[in-house]
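Coordinate analysis (summary)
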Amino acid sequence: RLMHLLQSPTVKSSDVGEIVAQDLGMTTKILQLVNSAYFGLPNHVSNPTQAVILLGLNIIKTLALSLHVFSQMPKVTIEGFSPQALQRHSLMTASLAKKIAHGLTLNDYLVDCAFTAGMLHALGRLMLATNMPTRYQRVLSQANSMDLPLEDVEQNILGVSHADVSAYLLELWGLPLPVVEAVLYHHAPCERQMADEVYSSPLIAVHIADVLAFEVYPKGGAGRLPTLDPICRANPVIQSRLPQWREAARKLVSFDEDDD
């Protein structure tokens, strides 16, 4: 209902707020997140409609969609896999991706796309772990024991990576192309055919955010954690801003630890 409503050109913030408010658990979680350090709003937000007005329709849609997917998945009992850690990593990646996109002077639409892609980039891991737990346990065990990139082991054992699954789902759900591309290539932006354009897309922001989030909070990962793509290491603007983005990541994980 929420996705359908948000596709309407005449949607109102109050309409979205009313739908979110019908789910008490989602309302509570969204307000908790909105009032957290992830968003850094100056004033306390007390209801969903106010949250929509302050953060925008796209960000509230993303939060609601992510919370709904994580809450609807059956309990996963795979050794070394924590949906809670994965959700925390996703939120951290989204918050950092938004900050990085601002720093790279992307327009407001692409900044929102960066947040959305960061929040939803790892849904494929949840889907694979939930729907094929035995085979995904093998993936995690091999990635960890051999210190291999998770996406490479997924490809070898399953024939598909979690980035592929995530991007496919988001395309089915009708999310914008910049979001789908950022999710699909977030491990290796240089693999995108139009590699010279990645600096002006959400992709580069999500890639950097994913790497930095794992640097400061590795609990959500498996196997060899990702590192910066060569096109990031070669870009002087990105290199000059990495220290401040790393500090932002550290502050987010400090907030999480305090919250625990």
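Note that the structure is predicted; figures quoted are calculated from it, not measured. Every chain's residues receive numbers from 1 upward, in the order its sequence appears when written. In keeping with the predicted nature of the model, local features appear solely for residues at pLDDT of at least 70, side-chain atom pairs appear and are counted solely at 80 or more, and the whole-chain, interface and lining totals rest on all residues. Excluding hydrogens and water, the side-chain values take into account all heavy atoms of the structure.

1. What to know about the nonpolar core
- Residues Ile 30, Ile 60, Leu 63, Phe 81, Leu 96, Tyr 136 and Ile 208 are the most contacted members of the largest nonpolar core, which totals 90 residues.
- Residue contacts are defined here by distance: any two heavy atoms, one from each residue, within 4.5 Å place the two residues in contact. With near-sequence residues (within four places) excluded, Phe 81 lies in contact with Val 76, Leu 86, Arg 125, Leu 126, Ala 129, Tyr 136 and Leu 140. Nonpolar cores are built from buried Ala, Val, Leu, Ile, Met, Phe, Trp, Tyr and Cys residues. Side-chain atoms within 4.5 Å join them into one set. Buried means the residue's accessible area, taken with a 1.4 Å probe over protein chains only, is under 20% of the maximum for its type, while exposed means over 50%, and partly exposed covers the values in between.

2. Description of helix H10 (residues 150-158)
- Along H10, the residues classified as buried are Leu 150, Val 153, Glu 154, Ile 157 and Leu 158. Angular distribution of buried residues about the axis of H10 spans 105 degrees; they occupy a single face of the element.
- Counting from the N terminus, the helices are DSSP H or I runs at least four residues long and the strands are E runs at least two residues long. Where H10 is buried, its residues contact helix H8 (123-131), helix H9 (133-146) and helix H11 (162-172).
- Looking one or two residues beyond H10, the residue adopting positive phi is Gly 159, at roughly 80 degrees. Our arc is simply the arc of the directions from the helix axis toward the C-beta atoms.

3. Overview of the side chain of Ser 66
- Inspection of the secondary structure assignment puts Ser 66 in helix H5 (residues 57-72).
- Not counting the four nearest positions on each side in its chain, Ser 66 is found in contact with Met 119 and Leu 120.

4. Remarks on the packing of helix H2 (residues 13-21) against helix H4 (residues 48-55)
- Here H2 crosses H4 at 130 degrees, and the two axes come no closer than 7 Å. By the angle between their axes, H2 is oblique relative to H4. In this structure, the crossing between H2 and H4 has a hand that is right-handed. Residue-level inspection shows Ser 13, Ser 14, Val 16, Gly 17, Val 20 and Ala 21 of H2 in contact with H4, the latter providing Pro 48, Thr 49, Val 52 and Ile 53.
- Side-chain classes follow a simple rule in which Ala, Val, Leu, Ile, Met, Phe, Trp, Tyr, Cys and Pro form the nonpolar group, Asp, Glu, Lys and Arg form the charged group, and the remainder, Gly included, forms the polar group. Residue composition of the contact of H2 with H4, grouped by class: six nonpolar, four polar and no charged. Here, axes are lines fitted to C-alpha atoms. For helices the fit covers the stretch in contact, and angles between N-to-C directions go from 0 to 180 degrees. By definition in this entry, angles of less than 35 degrees are roughly parallel, angles greater than 145 are roughly antiparallel, angles of 65 to 115 are roughly perpendicular, and the rest are oblique. Each crossing gets its handedness from the near helix: less than a right angle anticlockwise from the far helix is left-handed, clockwise is right-handed.

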